[in-house]
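Examination of the molecular architecture
One-letter residues, chain by chain:
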Amino acid sequence: MTAKFMRNLAVLLALIVALTSARLAGAADSAKTPRVEATLVSQVQGVPAQGGTVALALHLRIAPHWHTYWRNPGDSGEATQIAWTLPQGFGAGEIVWPHPQRLPFGQLANYGYSDEVLLRVDIAVPAGLKPGDSVTFKGAMSWLVCKDICIPEQATLDLALPVVDGAPAVNETWRQAFEDAARLVPVKSNSFDAKFAANDAEVTLYFFPTLNRIERGVGAQFFPYEKGLIKSSTAQVSQPRDGGFAFTLPPGWKLRDAEKRKTIDRIEGVLVLAPLAGNSSQSFEVALHRGPVPAAPMLPANDLPLAQAILFAVLGGLILNLMPCVFPILSMKALALVKAGHAERPWMDGLAYLFGVVTTFTGLAVALLAFRAAGEDAGWGFQLQSPLVVAALAYVLVAVGLNLSGVFQVAGSVQGAGQSLANQPGVIGSFFTGILAVVVAAPCTAPFMGAAMSFAFTQGPVITIVIFIALGFGLALPWVVFSFSPPLIRLLPKPGAWMERFKQFLAFPMYAAAAWLVWVLSQQVTPEGLFRVLIGTVMLGLGAWALGMAQERKAMGHSRLGSLFLLLLGAGASIALLLPPFAQRAATTGFVEAAKEGSIPSEPYTAVRLAELRAQGRPIFVNLTAAWCVSCLYNEQVALSSTLVADVFKSTGTAYLVGDWTNRNPEISALLKQYGREGVPLYLYFPAGGGEPQILPQLLNQGIMLETLGMTK
Amino acid sequence: MIRIVFALVFVLGLSPFVAAAPMIGQPAPKFTAVDSNGKSHALADFNGKTVILEWTNHDCPYVRKQYGSGNMQKVQQDLTAAGAVWLSIISSAPGKQGFVTGAQANELSASRGAHPTAVLLDPAGTIGRAYEAQTTPHMFVIDKAGVLRYMGAIDDQPTTDASAIASARNYVREAFAAVSAGAKVVEASTDSYGCSVKY
């Protein structure tokens, strides 16, 4: 009896304590949906009787993968809203918005918050309240919460606070949340003298730091308050410009409308700078005025005289011959010359090969220009970022290999795609070998090529094509010279039965190249897509075998219906398997992960991470690479895999950032562009203390690495 | 050779789209699409008529506000009666919210009493990308000469609250009236609002 009474008393007391303390803390009214938990909270535990301000806030805890929106929601969505019902004499201010995150969604982008956000509202309190009274603040909250779908949600929340004499005590429960949110609220200051210029093709936002700030803007982001001024989905990559930095972005619909554009002479928004060492990000409220914006600096590569760029291109093309990519083709070419060498006019083949190479380079240049005109980031090797092209190339190499293995013959027809040369030294065969040489050369980048290519793309379409033709000329040159020189041709061995065996042997480099392309593909597509391509390759083999059978039966005068059926089946199925679009692998997995297993610990490259590390003053080595880039893989094997280099990384405290360009990545494209490159590899070394980076050669060795990292003098 | 084929496909295929972003006062991006009944329509087929494009996704709350209140159907009815061609376009990708088959699209039109001239199925998002359609709804008005005269929101009430429709300023009605009268569209581009298009 007594025990029961005591227990009841204890429960009652606990309840009273809980109720009073909750009341003192400003009992937060909250609402919960499966996606959002919304709570109305107060920064202080009471309302000052003498009047003043009380900070309330709507706190949203957001489920993983869902987000709510900033005051400008971006391409879609809706900002969170609060409609207050307040006692007489009280007045609510506007929501004080923490700066948002950019939330890309397919080809659109939103500005908003994930995980949690605290939206503060300052409430003006009138003077002359009676201590001991209670004041109830009531707000109808509405927010849109989206993942891949959107759900509008509402809740009416209220919060009662006691009127107190003097300054009310701080609400410790929510103190941290208020402080965290305050750090994300943009500072109103004149830290930047900002200007913008716009036409219907681009908007340039220029920020010049004042107050003796030094700000390069690496990793900075600008969020306009108004919709439709800039294209939200374009990644913002700042460029240093005239003491400050600038973004050049496609305009939104408002600035594309000539009439509207005239009326806009001010763009307001929030500039978020990448976090400095140990700090959170800094953000500033900035108003940009229409005005002259300094021109983009000329890239160093632009200074290259045209003649020198052409020379570099020819040299780059020449050196491509020494790269592993082109080797199997050169062997085939050698074989062709053995035959052609004893023909009447071997130089005809040399010219046909040259023509094939140059035509393909021209086609590639035109395709690149078309892509760029369409606003894509495309550089050397861009076609290998498309899984469809990689899969198609693997097919071509397997088909060439099967032909060399003798599975089927090519009667010099167009489908021969180059491999007819071993059987018949035709001019058409040589032309297609030229095409094949360029196709397989794409994964290799040779020294001198980078400078020539970056020059090409800053100079307008005609010069771009001229540079590409020069590259082709360089690639074809050794064999053209050879074919024009009878004394050299006489050095070749005599044709004979060995040629058939050598031809069959050459199939293996082709299969190896195909295997490598399938490996590249495995970094780009899901296992399901990879399986489709592997089965497609088997079907291709079936088709090739059937074709060979049909050829044999024709030669013997038998019916070819059955084999032709199989040929159609195999070829049809292999093509059909490529037609549905490939699902891309998640961008963060794959190649960079693989690189991580190497001896030097690395992290993926992002502009923000680079800025952080630079702010910390650490030396940084940046490696921009791709699975399909043979030169990159070579460098990683030769110069970046030894324990010696790894030790030096460790002892110098050098950070290692790896940017994987196997699939498209606008951030990496932007960094390449910033240093005047059109493709990978690019190696940058940022010395300790935050100086300008050193651009390393495209072919690395251990010595270069050790010298760069400062261990040997 | 594959590369040449690709290069040609890119060059020939992309060149008409290089101009890209839709602009007020410029010819509207051309398109051809199949409607919910399997019939093919090209924008050029409607030369001489004012064409209204409506991006839609029947499960989007902002679209439900318009159809649930009967407002969108009313605008469709009034403007098509006045001679406009109204094309509702669904750019949701298969498996994403709002994706429907032709039969389902017809059923939606019937059950909601909608009055579009046609419902165009754009599961690959080709037309959506050409117009840079961002939201459902997202509206475009193209005049008799094929020039883009309006793009943006259906009205000036960016909310899912249906009670806002009564006091809303309907930009599409305004634009249609101006285009029909040969007058200038006062608000030629506005902030579209709604759910993102589920490409």
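Residues numbered from 1 in each chain as written. Chains lettered and ligands numbered in written order. Predicted model: local features only at pLDDT ≥ 70, side-chain atom pairs only at ≥ 80, totals over all residues.

**What about the overall build of chain A?**
Inclusion rule: Numbering of helices and strands starts at the N terminus; helices are DSSP runs of H or I of at least 4 residues and strands are runs of E of at least 2. Here the C-beta atoms are placed from the backbone, and a residue counts as buried if at least 20 other C-beta atoms lie within 10 Å of its own, exposed if 12 or fewer do, and partly exposed otherwise. Think of it this way: build a C-beta for each residue from its backbone, and any pair within 7 Å is a contact.
The helix and strand inventory of chain A stands at 21 helices and 25 strands. Relative to its 713 residues, chain A shows a buried fraction of 47%. The long-range fraction of contacts in chain A, counting pairs at least 24 apart against all pairs at least 6 apart in sequence, stands at 75%.

**A closer look at the overall build of chain B**
Counting its secondary structure elements, chain B contains six helices and nine strands. Classification of the 199 residues of chain B by burial places 46% in the buried group. In chain B, once contacts between residues fewer than 6 apart in sequence are set aside, the share between residues at least 24 apart is 75%.

**Comments concerning the sheet that holds strand S8 (residues 148-152) of chain B**
Residues and elements named next belong to chain B. The cut-off we apply is this: Only strands joined by at least two bridges in the DSSP assignment are considered to pair. Axis angles are defined between N-to-C directions and span 0 to 180 degrees, where every axis is a line fitted to C-alpha atoms and, for a helix, only to the segment in contact.
Pairing in this open sheet of seven strands is mixed, and the strands run S2-S1-S5-S4-S3-S7-S8 from one edge to the other. Each having just a single partner strand, strand S2 (40-42) and S8 make up the two edges of the open sheet. Between one strand axis and the next, the sheet turns through 30° on average, direction left out of account. Each of strand S3 (51-55), strand S7 (138-142) and S8 touches helix H6 (residues 171-180); the most contacted strand, S8, lies at about 175° to it.

**Considering the packing of helix H5 (residues 306-320) of chain A against helix H10 (residues 449-456) of chain A**
Residue and element names in this part refer to chain A. The line we're drawing: Throughout, the term roughly parallel applies to angles under 35 degrees, roughly antiparallel to angles over 145, roughly perpendicular to angles from 65 to 115, and oblique to all others. Should the near helix be turned anticlockwise from the far one by less than a right angle, the crossing is termed left-handed; should it be turned clockwise, right-handed.
Where H5 meets H10, the axes come as close as 8 Å, and the angle between the chain directions of the two elements is 135°. The orientation of H5 with respect to H10, classified from their angle, is oblique. Like other packed secondary-structure pairs, H5 and H10 cross with a definite hand, here left-handed. Counted together, Ala-309, Phe-312, Ala-313 and Gly-316 of H5 and Met-449, Ala-451, Ala-452 and Phe-455 of H10 form the full contact between these two elements.

**Regarding the environment of Gly-146 of chain B**
Residue and element names in this part refer to chain B. Topologically, Gly-146 is positioned in the loop between S7 and S8. Residues Gly-146 and Phe-46, spaced 100 residues apart in sequence, show a C-alpha to C-alpha distance of 8.4 Å. When neighbours within four sequence positions are excluded, Gly-146 is seen to be in contact with Pro-27, Ala-28, Leu-43 and Asn-47.

**A short note on the sheet that holds strand S25 (residues 694-695) of chain A**
All names here are of chain A. Strand order in this open sheet of five strands is S21-S23-S22-S24-S25, and the pairing throughout is mixed. Only two strands of the sheet have a single neighbouring strand rather than two, namely strand S21 (603-604) and S25. Pairing between strand S24 (residues 682-686) and S25: two bridges, direction antiparallel. Residue pairing for S25: Tyr-685 is matched across the bridge by Gln-694. Contacting strand S22 (620-625), strand S23 (655-660) and S24, helix H20 (residues 666-674) crosses the sheet at an angle of about 110° to S22.

**Details of the confidence of the model for chain A**
For clarity, the cut-off: Note: pLDDT gives the predictor's confidence per residue, expressed from 0 to 100.
This prediction gives chain A a mean pLDDT of 81; 85% of its residues lie at or above 70. Counting interchain partners and residues more than four positions distant, the pLDDT-below-50 stretch residues 13-27 of chain A has 12 contacts.

**Examining helix H11 (residues 461-483) of chain A**
Residue and element names in this part refer to chain A. Short version of the rule: In a helix, the anticipated span is given by 1.5 Å times the number of residues less one. Working definition for bend: take the seven residues up to and ending at a residue and the seven starting at it, fit an axis to each, and measure the angle between the axes.
Between its first and last C-alpha atoms H11 spans 32 Å; for 23 residues at 1.5 Å apiece the expected length is 33 Å, and the two agree. Maximum bend of H11: about 50°, positioned at Leu-477, with proline Pro-478 one to four residues after it. Every buried residue belonging to H11 is among Thr-464, Ile-467, Phe-468, Ile-469, Ala-470, Leu-471, Gly-472, Gly-474, Leu-475, Ala-476, Trp-479 and Ser-483, and all of these are buried.

**Description of the pairing of strand S15 (residues 203-209) of chain A**
All names here are of chain A. Counting buried positions over the seven residues of S15 gives five, a clear majority of the element. Pairing analysis gives seven bridges linking strand S14 (residues 192-198) to S15, with the strands arranged antiparallel. Bridged to Ala-197 within S15 is Thr-204. In textbook terms, the turn of a hairpin is the stretch between consecutive antiparallel strands, and for S14 and S15 this stretch comprises four residues.

**What about unusual backbone geometry?**
Of the consecutive residues Val-680 of chain A and Pro-681 of chain A, the connecting peptide bond is found in the cis state with omega at 0°. With respect to the secondary-structure elements, Pro-681 of chain A resides in the loop between H20 and S24. At the junction of Thr-136 of chain B and Pro-137 of chain B, the peptide bond is cis and its omega measures out at -10° in the coordinates. Its location among the elements puts Pro-137 of chain B in the loop between strand S6 (135-136) and S7. If you check the backbone angles, His-65 of chain A has positive phi at about 75° while not being a glycine.

**Observations concerning the environment of Ala-507 of chain A**
Position of Ala-507 of chain A among the secondary structure elements: in helix H13 (residues 497-524). Note: C-alpha distance between Ala-507 of chain A and Gly-401 of chain A (106 residues apart in sequence) is 4.3 Å.

**Overview of the pairing of strand S19 (residues 266-273) of chain A**
Residues and elements named next belong to chain A. Summarising burial for S19: six of the eight residues are buried, a large majority. Strand direction decides the pairing type here: strand S16 (residues 221-224) and S19, joined by four bridges, are antiparallel. Within S19, the residue paired with Phe-223 across the bridge is Val-270. Here S19 pairs with strand S20 (residues 282-290) via eight bridges, running antiparallel. From the neighbouring strand, Leu-273 faces S20, where its bridge partner is Gln-282.

**Looking at the packing of helix H8 (residues 387-404) of chain A against H13 of chain A**
Residue and element names in this part refer to chain A. Viewed as axis vectors pointing N to C, H8 and H13 meet at an angle of 165°, and their least axial separation amounts to 8 Å. Compared by their axis directions, H8 and H13 come out roughly antiparallel. Relative to H13, the crossing made by H8 is left-handed.

**Comments concerning the confidence of the model for chain B**
All names here are of chain B. Of the residues in chain B, 90% reach a pLDDT of 70 or more, and the chain-wide mean stands at 87. Confidence drops under pLDDT 50 across residues 1-19; counting only partners more than four residues distant or on other chains, this segment forms 35 contacts. For this predicted complex, the interface score ipTM comes out at 0.75, while the overall pTM is 0.57.

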